[in-house]
Structure formats: structure tokens, C-alpha cells
Amino acid sequence: MQRLHITLGDITHCTTDAIVNAANTSLLGGGGVDGAIHRAAGPALLEECRKLGGCPTGQVKATQAYRLPCRFGIHTPGPIWHGGTANEDTLLSDCYRNSLIAAAALGCRTVAFPSISTGVYRFPVHRAANIAVSTIRSYLRTHPEMQQVTIVCFDQTTFSAYQTALSESEYNDAEKR
Ligand code: AR6
């Protein structure tokens, strides 16, 4: 059964147990998906975030979801793209894996991700998609209790990049068998 899905849409509408926010290290909100999540959750989210003392890149902090239709927000600052020599790949993989670990610790069985770091932070989308897909698939292989993970893409180009990454990853696994 396929447990990783790629969809096109707005993550603030997701009714998964948790949604992940592509935040910054201050956790005090911003533009892009972070701005959309804070707008949809309402001001109580910012109040809770103010008490968290920020978050290092690749790490995560969880909050309540307030007016969002999910149960929890998992906030993770992705790496800013500096050309690929500043540990960006590992840090991006950390964002996905640590978000899943935090969601599972809260009892979540369904999680939605945005395309972390590929907007304002300028991480190349095909490279980011391969990292996201391989990190999530490797987590799912060893965590059968996680029922469904969705990557919610906001535009067609991003959606196509993640669909390609998923098909290639599935094809490569089938070749190995
Ligand atoms: N649902 C799903 N995806 C969305 C939505 C949405 N409602 N809105 C935008 N995206 P970005 P980053 C997509 O820039 O690169 C913020 O200011 C967007 O089209 O939101 O990690 C933070 O505070 C893109 O494909 O995040 C940080 O300072 C993807 O989400 C900084 O931006 C990520 O783009 C983080 O930059």
C-alpha cells in the first residue's frame, strides 16, 4: 500500500493529524507557507511560538493547531540554499525526519508537509524533492504505525518535481528487488 502521496493544494486546509510549517529559526512567522499557516491558525499560534525560544535549522518544535483543521503544527526551519556546500542536503533531510519523529511522539498517524526550503530559501526544487521523498520513504519503511504522509505542493512545477522524485524512487526500489 502506498503511504506517501503528492498533492497540489493549500496545506492550511489539510485535516491530517499534523501539518508541518516551513518556518524560520525565530519561529515568529514570516511569508510563504509560514504566513499562510499563522493567518489560518489565528494569533494564538504566535503567542505559543513566542514562548518556544526559536528553533535551530533542521530541528522541530510542535504547537497546537488553534483554528487550523489539523491537531498539531510541527514547525521546522529549513536550510537557506548557499550553493550546496553548507550542509544543506543533510539539514533538509533532518527537517523531514525530525518532523515525522515529533509527530509520531504526539500520536499522529497522518502528516502533511509543504515543500520545505524551495520558496524564499531557494533550495533547488528537484534536489529538494529527491531528499524529501527518500527521507520520508525510509522513515515509513521502519515505522508501520505512520499511516499516511502527504506532500502538499502549491504550484504545478513543484507538484511535477515531487511526482517525478516519487516515481523514480519507486522505480529504483523495484529494480533492486
Ligand atoms: N500551502 C502549501 N504550500 C505553500 C503554501 C500553502 N498555503 N504557501 C506557499 N507554499 P516558503 P521556505 C509553498 O517560501 O523556502 C518564510 O517567510 C511555496 O510555494 O514558504 O522554506 C519563513 O518564515 C513553496 O513551494 O518556505 C522563512 O523565513 C514552499 O511552500 C522562509 O519563508 C516553501 O516556500 C522559509 O522559506
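Everything here concerns the structure above.
The structure displayed is predicted, hence computed values, not measured ones.

1. Points about the sheet that holds strand 6 (residues 148-153)
The pairing of strands in a sheet comes from backbone hydrogen bonds and takes either a parallel or an antiparallel form.
Then, number 1: The strand order 1-6-5-2-4-3 describes an open sheet built from six strands, whose pairing is mixed. Each of the sheet's edge strands pairs with one partner strand only, and the pair in question is strand 1 (4-8) and strand 3 (61-64). Strand after strand, the sheet turns through a mean of 25° between neighbouring axes, direction not considered.
Then, number 2: Bridge analysis of strand 3 against strand 4 (residues 72-77) gives four bridges, and the strand direction is antiparallel. Directly across from A62, in strand 4, lies its bridge partner I74.

2. Details of the packing of helix 1 (residues 32-41) against helix 2 (residues 43-50)
Then, number 1: Orientation of helix 1 relative to helix 2, taken along the N-to-C sense of each, is 115°, at an axis distance of 5 Å. With respect to each other, helix 1 and helix 2 are oriented roughly perpendicular. Between helix 1 and helix 2, the contacting residues are I37, H38 and A41 on the first element and L45, L46 and C49 on the second.
Then, number 2: Class assignment for the residues of the contact of helix 1 with helix 2 results in five nonpolar, one polar and no charged.

3. Regarding the site of the ligand
Then, number 1: By nearness alone, 22 residues border the ligand, and N24, G31, V33, D34 and G119 come closest of all.
Then, number 2: Separating an oxygen atom of the ligand from a backbone N or O atom of G31 is a distance of 2.7 Å.
Then, number 3: One of the backbone N or O atoms of Y121 is found 3.1 Å from an oxygen atom in the ligand.
Then, number 4: When isolated, the ligand has an accessible area of 700 Å², and the protein chains bury 90% of it.
Then, number 5: Judged by the proximity of its atoms to the pocket grid, the ligand belongs to the largest pocket.
Then, number 6: Residue assignment for the shell around the ligand shows that the elements contributing at least two residues are strand 2 (18-23) and helix 1.
Then, number 7: Ranked by the residues each element gives to the shell around the ligand, the list is headed by helix 1, at four residues.
Then, number 8: The residue makeup of the shell around the ligand, split by class, is nine nonpolar, 10 polar and three charged.

Calculation notes
Residues numbered from 1 in each chain as written. Predicted model: local features only at pLDDT ≥ 70, side-chain atom pairs only at ≥ 80, totals over all residues. Heavy atoms only, no water. Pairing = 2+ DSSP bridges. Helix = DSSP H or I, 4+ residues; strand = E, 2+ residues; numbered from the N terminus. Axes fitted to C-alpha atoms, helices over the stretch in contact; angles between N-to-C directions. Parallel < 35°, antiparallel > 145°, perpendicular 65-115°, else oblique. Contact = heavy atoms within 4.5 Å. Nonpolar A, V, L, I, M, F, W, Y, C, P; charged D, E, K, R; others polar. Near = heavy atom within 4 Å. Polar contact = N/O pair within 3.5 Å; in protein donor to acceptor, adjacent residues only side chain to side chain. Areas by Shrake-Rupley, 256 points an atom, 1.4 Å probe, with all protein chains shown as cover. 1 Å grid on protein atoms, 1.4 Å probe; cavity = no way out; pocket = protein on both sides within 12 Å on 5 of 7 lines; lining within 4 Å. Sits in = over half its atoms within 2 Å of the grid points.

What is shown is where atoms sit, not what they do.
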